[in-house]
Amino acid sequence: MIGRVTSQTIQRSTLANLQTNLSSVAKLQGQLSSGKKVTKASDDPVHAAQLMSLRGEQTRNDQYERNVQDAQSWLNTIDSALQTASTNLRRARDLVIQGGNTGLPQIAKDALATEIRELQAGMLQTANTTFLGRTVFAGTSAAGEAFDATTFTWTGNDAGRVERAVADTAEVRVDSNGKSVFGEGAGSLFALLGEIATTLESGGNPAPLYLDRIDGFSDSIRTELASVGARQRTVENATVRLSDAGLNLTTQVASIEDIDLAQVILQLQSQHVAYQASLGAATKALTPSLMEFLR
């Protein structure tokens, strides 16, 4: 038995088909204008869930990249300070050897002592180097300086390390223990330089008294430089790894989210032709008869 088809049935069906075609056109136009296939979860629930997961990984990767950049800046600051300290200490050693020469007039020893005291002040300033207001040789200390300018007391603590996470299970220390490098108080490098200057000013020979101690501090500085260098390599490796991971995540997101421009343009053109055709068909199907007009 053939069902009865009324004009209202035709109208409803025609209008529904028109709406479907118009929705398809609107969806393709939206993709073309935004460049994205998925703009909300209802567009593609499966891909939307994947995008949420990938973006979470991107956010975490971006944070690690910021941590790595901060770690690199800390370590570069420390490396520069240690290089300066090493250079100044070599100069101090040369001055001590000069001061040990027999027959050196007191005026010359006084000049050497003056330079030694300048090196002492410079060394203290180097040991109090800061990065973004934080002392790099005093760990988590908030004292504002790693060493007191009068007593040479170290303000840090051995457990107060500054670390930066560079992976889910990896952290890198970015500060340096100033006490292990420069000593502390009366046993510090600063106190040693003061003793050398005093010895020269009193006419004494500092070479046999202080050269071994200077060499000991030189070894400490070189050891810390090696440690900083190893940590810098770790950070550099993390930088490369995170950069590669970021590129891979971006590629994955693009493969899910971004449209194929040529394909969407072709689909839009085809859908537009179909919509125009359906409009033409609807014009004929929905043309009211004289009886319908009079009614």
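Before any of the text, the structure's been laid out above.
Structural notes, computed from the coordinates. (Residues numbered from 1 in each chain as written. Predicted model: local features only at pLDDT ≥ 70, side-chain atom pairs only at ≥ 80, totals over all residues. Heavy atoms only, no water.)

## Things to note about the overall build of the protein chain
Short version of the rule: Numbered from the N terminus, helices here are DSSP runs of H or I no shorter than four residues, and strands are runs of E no shorter than two. The classification of residues rests on relative accessible area computed with a 1.4 Å probe and restricted to protein chains. Under 20% of the type maximum is buried, over 50% is exposed, and intermediate values are partly exposed. By definition in these notes, contact holds between two residues if any of their heavy atoms fall within 4.5 Å. Only the protein chains shown count as cover for residues, with accessible areas throughout obtained via the Shrake-Rupley method and a probe of 1.4 Å.
When helices and strands are tallied, the protein chain shows 8 helices and 4 strands. The N-to-C order of helical and strand elements in the protein chain reads α-α-α-β-β-β-β-α-α-α-α-α. Within the protein chain, the fraction of its 295 residues that count as buried is 38%. Put simply, of all contacts in the protein chain between residues at least 6 apart along the chain, 73% involve residues at least 24 apart. For the protein chain, the exposed surface amounts to about 16500 Å²; the carbon and sulfur share of it is 55%.

## Examining unusual backbone geometry
Located in the positive-phi region is Leu-132, a residue other than glycine, with phi close to 55°. Tracing the backbone through its elements, the reader meets Leu-132 in the loop between strand 1 (130–131) and strand 2 (134–135). Here the phi dihedral of Phe-152 falls at roughly 60°; this positive angle occurs in a residue that is not glycine. Within the secondary structure layout, Phe-152 lies in the loop between strand 2 and strand 3 (163–167).

## Topic: the nonpolar core
Using the following cut-off: Residues enter a nonpolar core if they are buried and are Ala, Val, Leu, Ile, Met, Phe, Trp, Tyr or Cys, with the set joined through side-chain atoms within 4.5 Å.
Within the largest apolar cluster, 53 residues are counted, with the highest numbers of intra-cluster contacts made by Phe-182 and Ile-196. The set of elements that each furnish at least two residues to this core consists of helix 2 (45–99), helix 3 (106–127), helix 4 (178–182), helix 5 (189–201) and helix 6 (207–257). Of the residues forming this core, the biggest block, 13 residues, is contributed by helix 2. Counting residues in each nonpolar core, the second largest holds 5 residues, with Leu-51, Leu-54, Val-253 and Ile-256 among its members.

## A closer look at the packing of helix 2 against helix 3
How we decide: All axes are obtained by fitting lines to C-alpha atoms, using only the stretch in contact for helices, and the reported angles, taken between N-to-C directions, cover 0 to 180 degrees. Every angle not falling under 35 degrees, over 145, or within 65 to 115 is termed oblique; those three ranges are roughly parallel, roughly antiparallel and roughly perpendicular. In this scheme the crossing of two helices becomes right-handed for a clockwise turn of the near helix relative to the far one and left-handed for an anticlockwise turn of less than a right angle. Following the grouping adopted for this structure description, the nonpolar residues are Ala, Val, Leu, Ile, Met, Phe, Trp, Tyr, Cys and Pro, the charged ones are Asp, Glu, Lys and Arg, and the polar ones are all others, Gly among them.
Where helix 2 contacts helix 3, the axes come no closer than 10 Å and their chain directions differ by 165°. Comparing their axes, helix 3 and helix 2 come out roughly antiparallel. Between helix 2 and helix 3 the crossing geometry is left-handed. Seen from helix 2, the contacting residues are Ala-81, Thr-84, Ala-85, Asn-88, Leu-89, Arg-91, Ala-92, Leu-95, Gln-98 and Gly-99; seen from helix 3, they are Lys-109, Leu-112, Glu-115, Ile-116, Leu-119, Met-123 and Thr-126. Per-class residue counts for the contact of helix 2 with helix 3 are 9 nonpolar, 5 polar and 3 charged.

## As for helix 5
Rules: To estimate how far a helix should extend, the number of its residues minus one is multiplied by 1.5 Å.
Taking 1.5 Å of rise per residue, the 13 residues of helix 5 would be expected to cover 18 Å, and the 18 Å separating its terminal C-alpha atoms lies within 8% of that figure. Summarising burial for helix 5: 10 of the 13 residues are buried, a large majority. Listed in full, the buried residues belonging to helix 5 are Leu-189, Phe-190, Ala-191, Leu-192, Leu-193, Gly-194, Ile-196, Ala-197, Thr-199 and Leu-200. Immediately downstream of helix 5, the backbone of Gly-203 shows phi near 90°, a positive value.

## Quick word on the packing of helix 3 against helix 5
How two helices sit against one another is set out by the angle between their axes and by the gap between those axes. Running from amino to carboxyl end, helix 3 crosses helix 5 at an angle of 170°, the nearest separation of the two axes being 8 Å. With respect to each other, helix 3 and helix 5 are oriented roughly antiparallel. Here Gln-106, Lys-109, Asp-110, Leu-112, Ala-113, Ile-116, Arg-117, Leu-119, Gln-120, Met-123, Leu-124 and Ala-127 of helix 3 lie close against helix 5, whose contacting residues are Leu-189, Phe-190, Leu-193, Gly-194, Ile-196, Ala-197, Thr-198, Leu-200 and Glu-201. Its residues placed into classes, the contact of helix 3 with helix 5 shows 13 nonpolar, 4 polar and 4 charged.

## Comments concerning the side chain of Arg-164
Rule in force here: A 3.5 Å cut-off defines polar contacts: any pair of N or O atoms within that distance qualifies, except that in protein one atom must be a possible hydrogen donor and the other a possible acceptor, and neighbouring residues in sequence count only when both atoms are side-chain atoms.
Inspection of the secondary structure assignment puts Arg-164 in strand 3. A distance of 2.5 Å separates the side chain of Arg-164 from the side chain of Asp-70, its partner in a polar contact. What Arg-164 contacts, discounting residues up to four positions off in sequence, is Asn-67, Asp-70, Ala-71, Trp-74, Ala-170, Glu-171, Val-172 and Val-174.

## Things to note about the pattern of salt bridges
For clarity, the threshold we go by: Salt bridges are defined as contacts in which a side-chain nitrogen from Lys or Arg sits within 4 Å of a carboxyl oxygen from Asp or Glu.
Evaluation of the coordinates by the stated rule reveals 11 salt bridges. In this structure, Glu-115 and Arg-91 form a salt bridge, with 2.8 Å as the shortest nitrogen-oxygen distance. Residue Glu-115 is found in helix 3, and its partner Arg-91 is found in helix 2; the two are separated by 24 residues along the sequence. Assessed through its relative accessible area of 24%, Glu-115 is described here as partly exposed. Residue Arg-91 is classed as partly exposed on the basis of its relative accessible area of 32%. When the shortest N-O distance is used, the salt bridge between Arg-161 and Glu-163 registers 3.2 Å. In this structure Arg-161 comes out as partly exposed when scored by relative accessible area, which is 41%. Taking the relative accessible area as the measure of exposure, Glu-163 reaches 34% and is therefore partly exposed.

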